[in-house]
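# Analysis of the macromolecular model
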Amino acid sequence: MANQKMLKFTTVQRDMPDKRAPDLRRQDFAEIYGEFATEKAGEQAGRCSQCGVPYCQSHCPLHNNIPDWLRLTAEGRLKEAYEISQLTNTFPEICGRICPQDRLCEGNCVIEKSGHGTVTIGAVEKYITDTAFENGWVEPIRPSQERPESVGIIGAGPGGLACADMLRREGVQVTVYDRYDRAGGLMTYGIPGFKLEKDVVMKRIDQLEDGGVTFRLNCNVGDDITFEEIRNTHDAVLIATGVYKTRDLQAPGVGAKGIVRAIDFLTASNRAANFGDSVPEFESGELNAEGKRVVVIGGGDTAMDCVRTAIRQGAKSVKCLYRRDRDNMPGSQREVANAEEEGVEFVWLSAPKGFTGETVEGVMVSKMRLGQPDATGRQVPEIIEGAEYVEEADLVIKALGFEPEDLPKLWGVEGLEVTRWGTVLADFHTHETSLPGVYACGDIQRGASLVVWAIRDGREAAQAMMAQFGSTAAVAAE
């Protein structure tokens with residue numbers, strides 16, 4: 001009977017949940033995709049070929065048991081599907097929304113390679129967990145026993161929260177320190193609501209608080225509390241700060257008013273649009289695109305977030321400058337398509353040379369071509385001499401990526417080793433740093449990356465801590 005529910009990829013076409021029309025979604029920050037109906041989720045899950053070597057699973061950083069929960073969904077066994085899904089993923093409802101499935105699980109689906117169109121894995125994953133929340137299947141964190149060990153986690157982003165979740169389930173005492181007034185890191189203030197509505201994140205924060213995790217918010221390590229104080233308070237410490245230092249441009253006029261950082265623009269928008277906060281820089285227009293000619297510089301997912309946010313704020317026009325072509329941009333192709341539908345214009349093979357006006361009036365643009373490949377095999381952009389022009393702009397947003405802050409200097413920590421890129425040096429299995437009892441995970445260890453990698457790192461760090469606590473307890477017992 002079970003087999004009759006699967007292997008339908010030759011008779012059932014790939015289908016996504018309904019996407020709201022561009023003219024409607026431009027008007028608000030609600031998610032653009034609807035929810036699968038139960039029958040549609042089962043039908044799409046039933047397209048899975050249940051292949052012997054599931055490349056979807058092996059290309060997922062969390063190695064989620066994707067074929068198993070697809071089969072269970074196709075059979076209508078949704079509670080079991082959720083239970084399997086959450087065994088390997090702390091936040092499946094978040095990954096289902098924001099993971100670049102086209103580059104990970106779906107992009108490596110066997111039936112996609114055979115030309116039948118990939119299984120809509122992300123949409124089914126989202127549906128499973130949303131259904132679990134609606135039906136009360138998501139159980140509260142209630143450890144069977146409380147343990148004496150205490151862990152301090154610096155950073156309330158996905159890596160820190162995944163670690164906190166696993167530790168609390170084991171009964172470990174957990175305190176999370178974060179510089180912002182709400183937990184969630186970039187999931188809260190960096191990713192716009194049209195990709196990840198904020199109540200989805202807050203639901204998980206509430207679950208962690210209800211489960212006994214202590215949050216110390218508005219707490220800036222190095223100012224409000226020292227790193228040594230945290231170390232002395234806890235048996236282990238996890239550094240999960242993420243990377244927030246913005247890569248900058250070196251170009252004439254870059255200091256002009258109206259040239260802003262992506263993180264500032266997105267944070268202001270998320271506060272104002274999704275939480276209803278009063279944000280003076282947004283209200284004054286400094287970090288508000290309404291009525292302006294907006295130019296976003298960059299080609300990653302952060303740039304896509306910025307252009308699509310500017311559209312929703314009522315920008316007069318929105319253009320994205322990227323120095324390579326469409327095929328070579330690092331951002332999700334799905335996001336590029338969504339942005340184009342919403343009215344964003346992409347200016348490929350273009351790079352900023354400078355800026356005009358004391359308050360920015362335009363971007364001096366150099367046209368580029370792709371030259372010979374570098375050591376990584378990627379073609380290097382080259383300037384076409386004489387092919388320059390000025391792109392008019394009232395607001396320029398720099399979305400050039402993020403780098404780590406100098407934590408040893410910022411926190412006054414001796415002995416915390418970093419790599420030549422400034423990331424914290426730590427083992428990629430145990431996540432232990434050069435300081436005893438101190439671990440690191442997520443972007444601060446691996447550089448700017450994906451939420452799903454941070455979740456994996458946080459879970460691994462929790463497992464390593466538990467192994468250490470277990471051996472310490474055994475030694476003490478002897």
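Up top you'll find the structure we're talking about.
Per chain, the residues get numbers from 1 upward, laid out in the order the sequence is written. Under the rules for a predicted model, residues below a pLDDT of 70 receive no local features and side-chain atom pairs below 80 are neither given nor counted, while totals for whole chains, interfaces and linings still include all residues. In computing side-chain values, all of the structure's heavy atoms are included and hydrogens and water are not.

## Points about the sheet that holds strand E10 (residues 350–356)
Just so we agree on the cut-off: At least two bridges found by DSSP between two strands is the condition for calling them paired. Segments assigned H or I by DSSP are reported as helices when at least four residues long, segments assigned E as strands when at least two residues long, and all are numbered from the N terminus. Here the axes come from fitting lines to C-alpha atoms, over the contacting stretch only for helices, and the angles between their N-to-C directions go from 0 to 180 degrees.
As summarised here, the arrangement of the three strands in space is E10-E11-E12, forming an open sheet in which the pairing is antiparallel. One side of each edge strand has no neighbouring strand; the edge strands of this open sheet are E10 and strand E12 (379–392). Taking each pair of neighbouring strands and ignoring which way they run, the sheet shows an average axis angle of 20 degrees.

## Some thoughts on the packing of aromatic side chains
Counted only if it meets this: Note on ring pairs: Phe, Tyr and Trp rings are taken, using the six-membered ring of Trp, and paired if centres are within 6.5 Å. Classes follow the plane angle, with under 30 degrees stacked, over 60 edge-to-face and the rest tilted. Partly exposed residues are those whose accessible area sits between 20% and 50% of the maximum for their type, while under 20% is buried and over 50% is exposed, using a 1.4 Å probe and protein chains only. For a ring to carry a charge above it, either NZ of a lysine or CZ of an arginine must fall within 6 Å of the ring centroid while also lying within 35 degrees of the normal to the ring plane.
Under the counting rule described, the total for this entry stands at six aromatic pairs. Their ring planes at 45 degrees and their centres at 6.0 Å tell us that Tyr180 and Tyr244 sit as a pair that is tilted. Taken together, the residues Tyr180 in the loop between strand E2 (173–177) and helix H10 (186–189) and Tyr244 in the loop between strand E4 (236–239) and strand E5 (245–246) connect sequence positions 64 residues apart. Consider the rings of Phe346 and Trp348, whose centres lie 5.1 Å apart with planes at 10 degrees: the pair is stacked. Judged by its relative accessible area of 21%, Trp348 falls in the partly exposed class. Ring-pair connections join several aromatic residues into one group, and the members of that group are Tyr180, Tyr189, Tyr244 and Phe275. A cation over an aromatic ring shows up here: Lys203 above the ring of Phe133, its NZ or CZ 4.8 Å from the ring centre. The ring of Phe194 is capped by Arg312, whose NZ or CZ atom sits 4.0 Å from the centre of that ring.

## Focus on the environment of Gly184
Heads up, the rule is: Note on contacts: a residue pair qualifies if any of its non-hydrogen atoms lie within 4.5 Å across the two residues.
Along the polypeptide, Gly184 turns up in the loop between E2 and H10. Setting aside residues up to four positions removed in sequence, Gly184 forms contacts with Ala156, Gly157, Pro158, Leu161, Val201 and Ile205.

## A short note on the environment of Arg334
To keep it simple, the criterion reads: Side-chain atoms alone can form a polar contact between residues adjacent in sequence; in general such a contact is a pair of N or O atoms within 3.5 Å, and within protein one must be able to donate a hydrogen while the other accepts it.
Topologically, Arg334 is positioned in helix H16 (residues 333–341). Using a relative accessible area of 22% as the deciding quantity, one classes Arg334 as partly exposed. For Arg334, the side chain forms a polar contact with the side chain of Gln101, separated by 3.4 Å.

## Re the packing of helix H2 (residues 38–45) against helix H4 (residues 66–74)
Quick note on the threshold: For classification, angles of less than 35 degrees are called roughly parallel, those exceeding 145 degrees roughly antiparallel, those between 65 and 115 degrees roughly perpendicular, and all remaining angles oblique. In this scheme the handedness of a crossing depends on how the near helix is turned from the far one: anticlockwise by less than a right angle means left-handed, clockwise means right-handed. Residue type decides the class: Asp, Glu, Lys and Arg count as charged, Ala, Val, Leu, Ile, Met, Phe, Trp, Tyr, Cys and Pro as nonpolar, and the leftover types, Gly among them, as polar.
Running from N to C, H2 and H4 cross one another at 135 degrees; their axes reach a closest spacing of 7 Å. Between H2 and H4, the angle falls in the class oblique. For the crossing formed where H2 meets H4, the hand is left-handed. Between H2, through Ala41, Gly42 and Ala45, and H4, the contact on the second element is made entirely by Leu70, Thr73 and Ala74. Taken together, the residues of the contact of H2 with H4 sort by class into four nonpolar, two polar and no charged.

That is the geometry; function is a separate question.
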